[in-house]
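# Chain and residue survey
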Amino acid sequence: MEKLLQHKKRDEMQSPNQNPLMVEVAGLKLKNPTILASGILGTTSEIIEKVAKAGAGAIVTKSVGLKPRRGYSNPTLIQLDYGIINAMGLPNPGIHQFKKEIEKLRDLPIPLIVSVYGFSPQEYAEVAEEAVEAGADAVELNLSCPHVGGTGTEIGSNPKLAMKVIREVKGRIKKPVIAKITANVADLKGLARSIEEAGADAITAINTIRAMAIDIETTHPILSNIIGGLSGPAVKPIAVRCVYEIYEAVDIPIIGCGGIIDWRDAVEFILAGASAIQIGTVIAYRGLSVFTSIKNGIFSYLKRKGYKSVKDIVGLSHRA
Ligand code: DHB
């Protein structure tokens, strides 16, 4: 019963006679539910404009911190048949430099979400404040980078610390705050509830999963950092499960992320409970045309099944 009421609450947010692909997530209006995932291409205004032109509904930038970071030395990426393991080490120019890129994107026709990391709640908040000042429409808190010490998963897998970060950021900015979380936790539902309680406007699930590979000839781990994050098709079933569980635990919208390569994967995430989905690794294999093919595929699916809107199928698998 409670679940049915929850569905009703979400359903009431729909308005008819709209573009069937339009969704609203954390107060952001998206022309379609596809979002560029953090860490893929979101580094300069020129590239971000290109992704917008390719049809993305919103953009998340590469994570940015308070100070510039060079990142790890090579090798930083391993391409596998079923995904990619990467450990870049959060290379970024620092928010003061990156603000210039954000400022150039004032006329971007879709929401710009700046991914933010920090080594303390105050640092997250300071970066978020600068990003919003420069024109970000929302921030996505990187509470889930799987391998940089003192930030990411080290903060985000501890519900109390994650709450501190969210509260600090929420206290500092008026724009939506999205928390990107890790699957590398024992109690995912508990973490999601804490994040909702702290005031996050949405949850992105999931980030890459801690992984590694060893070169059997040299006998050494391949990545310079040894441990990296696995993304791509290999993580999709884990990510779908996470979205499904989080949907049962919270009422805030969920943005699904992890191994989506085509519209079928996107629909699966939406049925699990995602209001929008992020596209990342597949771009390395298939280029930017995936935004259009995923959008078109979702549109045809809705039509074929007789649904009026993406919103009609968010979390639908829970009603079975
Ligand atoms: C990096 C950061 C991430 O959040 C992630 O999931 C993977 C890699 C990085 O910059 O190394």
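Residues numbered from 1 in each chain as written. Predicted model: local features only at pLDDT ≥ 70, side-chain atom pairs only at ≥ 80, totals over all residues. Heavy atoms only, no water.

## Comments concerning the side chain of Glu-140
- In this structure, Glu-140 sits in strand E8 (residues 138-142).
- For Glu-140, which is buried and forms no salt bridge, the nearest opposite charge comes from Lys-180, at a distance of 4.3 Å.
- Contact partners of Glu-140, with chain neighbours within four places excluded, come to Ser-38, Val-60, Ile-113, Val-114, Ser-115, Val-116, Ile-178, Lys-180, Thr-204 and Gln-278. (Helix = DSSP H or I, 4+ residues; strand = E, 2+ residues; numbered from the N terminus. Buried < 20%, exposed > 50% of the residue type's maximum accessible area, 1.4 Å probe, protein only. Lys, Arg positive; Asp, Glu negative; His and termini not counted. Salt bridge = Lys/Arg side-chain N within 4 Å of Asp/Glu carboxyl O. Contact = heavy atoms within 4.5 Å.)

## Considerations on the confidence of the model for the protein chain
- Looking at the protein chain, the pLDDT average stands at 94 and 94% of residues meet or exceed 70.
- Taken as a whole, residues 1-16 scores under 50 in pLDDT and shows 19 contacts with residues more than four places along the chain or in a different chain. (pLDDT = per-residue confidence, 0-100.)

## Concerning the site of the ligand
- For the ligand, the set of nearby residues contains 13 residues, the closest of which are Met-88, Gly-89, Leu-90, Asn-207 and Thr-208.
- Met-88 has a polar backbone atom sitting 2.7 Å from an oxygen atom of the ligand.
- A distance of 3.5 Å separates an oxygen atom of the ligand from a polar atom in the side chain of His-147.
- Contact with the protein chains covers 92% of the free accessible surface of the ligand, which is 290 Å².
- Applying the majority rule of atoms within 2 Å of the grid points places the ligand in the largest pocket. (Near = heavy atom within 4 Å. Polar contact = N/O pair within 3.5 Å; in protein donor to acceptor, adjacent residues only side chain to side chain. Areas by Shrake-Rupley, 256 points an atom, 1.4 Å probe, with all protein chains shown as cover. 1 Å grid on protein atoms, 1.4 Å probe; cavity = no way out; pocket = protein on both sides within 12 Å on 5 of 7 lines; lining within 4 Å. Sits in = over half its atoms within 2 Å of the grid points.)

## Quick word on helix H8 (residues 236-249)
- With 14 residues, H8 should cover 20 Å at 1.5 Å per step; its first-to-last C-alpha distance of 20 Å lies within 8% of that length.
- Considered for burial, the residues of H8 that qualify are Lys-236, Ala-239, Val-240, Cys-242, Val-243, Ile-246, Tyr-247 and Ala-249. (Expected span 1.5 Å × (residues − 1).)

## Topic: empty space enclosed by the protein
- Scanning the model with the defined rule gives 1 cavity of 30 Å³ or more in all.
- Around the largest cavity, the lining residues are Val-25, Ala-26, Leu-28, Leu-30, Ile-35, Ala-58, Ile-113, Ile-178 and Ile-255.
- Broken down by class, the residue content of the lining of the largest cavity amounts to 9 nonpolar, no polar and no charged. (Points joined across faces, edges and corners; volume = space filled by probe spheres on them. Nonpolar A, V, L, I, M, F, W, Y, C, P; charged D, E, K, R; others polar.)

## Let's talk about the sheet that holds strand E13 (residues 254-257)
- With parallel pairing, the 8 strands of this closed barrel are ordered in space as E3-E4-E7-E8-E9-E10-E13-E14. The mean angle between the axes of side-by-side strands here comes to 25°, regardless of whether they run parallel or antiparallel.
- Across 4 bridges, the pairing between E13 and strand E14 (residues 274-279) is parallel. If you follow Ile-254 over to E14, its bridge partner there is Ala-274. (Pairing = 2+ DSSP bridges. Axes fitted to C-alpha atoms, helices over the stretch in contact; angles between N-to-C directions.)

## Overview of the layout of surface pockets
- Taken as a whole, the largest pocket spans an internal volume of roughly 710 Å³.
- Around the largest pocket, the lining comprises 40 residues; the ones closest to its centre are Ser-38, Gly-39, Ile-40, Asn-86 and Thr-208.
- Going through the elements one at a time, strand E5 (77-80), strand E6 (83-86), E8, strand E12 (228-231), E14 and helix H10 (282-286) are the ones with two or more residues in the lining of the largest pocket.
- Tallied by class, the residues present in the lining of the largest pocket amount to 19 nonpolar, 18 polar and 3 charged.

## A look at the pattern of salt bridges
- Tallied over the full model, the rule gives 11 salt bridges.
- A salt bridge links Asp-262 to Arg-264; the shortest N-O distance between them is 3.5 Å.
- Ionic contacts of the salt-bridge type, sharing partners, join the residues Lys-99, Glu-130 and Glu-133 into one network.

## A short note on the pairing of E8
- Counting buried positions over the 5 residues of E8 gives 5, a clear majority of the element.
- With burial as the criterion, each face of E8 is covered, one bearing Ala-138, Glu-140 and Asn-142 and the other bearing Val-139 and Leu-141.
- Bridging between strand E7 (residues 112-116) and E8 involves 4 bridges; their strand directions are parallel. Bridge pairing in E8 places Ser-115 opposite Glu-140.
- In this fold, the crossover linking E7 to E8 by way of helix H4 (residues 121-134) has right-handed handedness.
- Sheet analysis places E8 next to strand E9 (residues 177-181), joined by 4 bridges and oriented parallel. Counterpart to Glu-140 in the pairing with E9 is Ile-178. (Right-handed = clockwise from strand over helix to strand, strands pointing away.)

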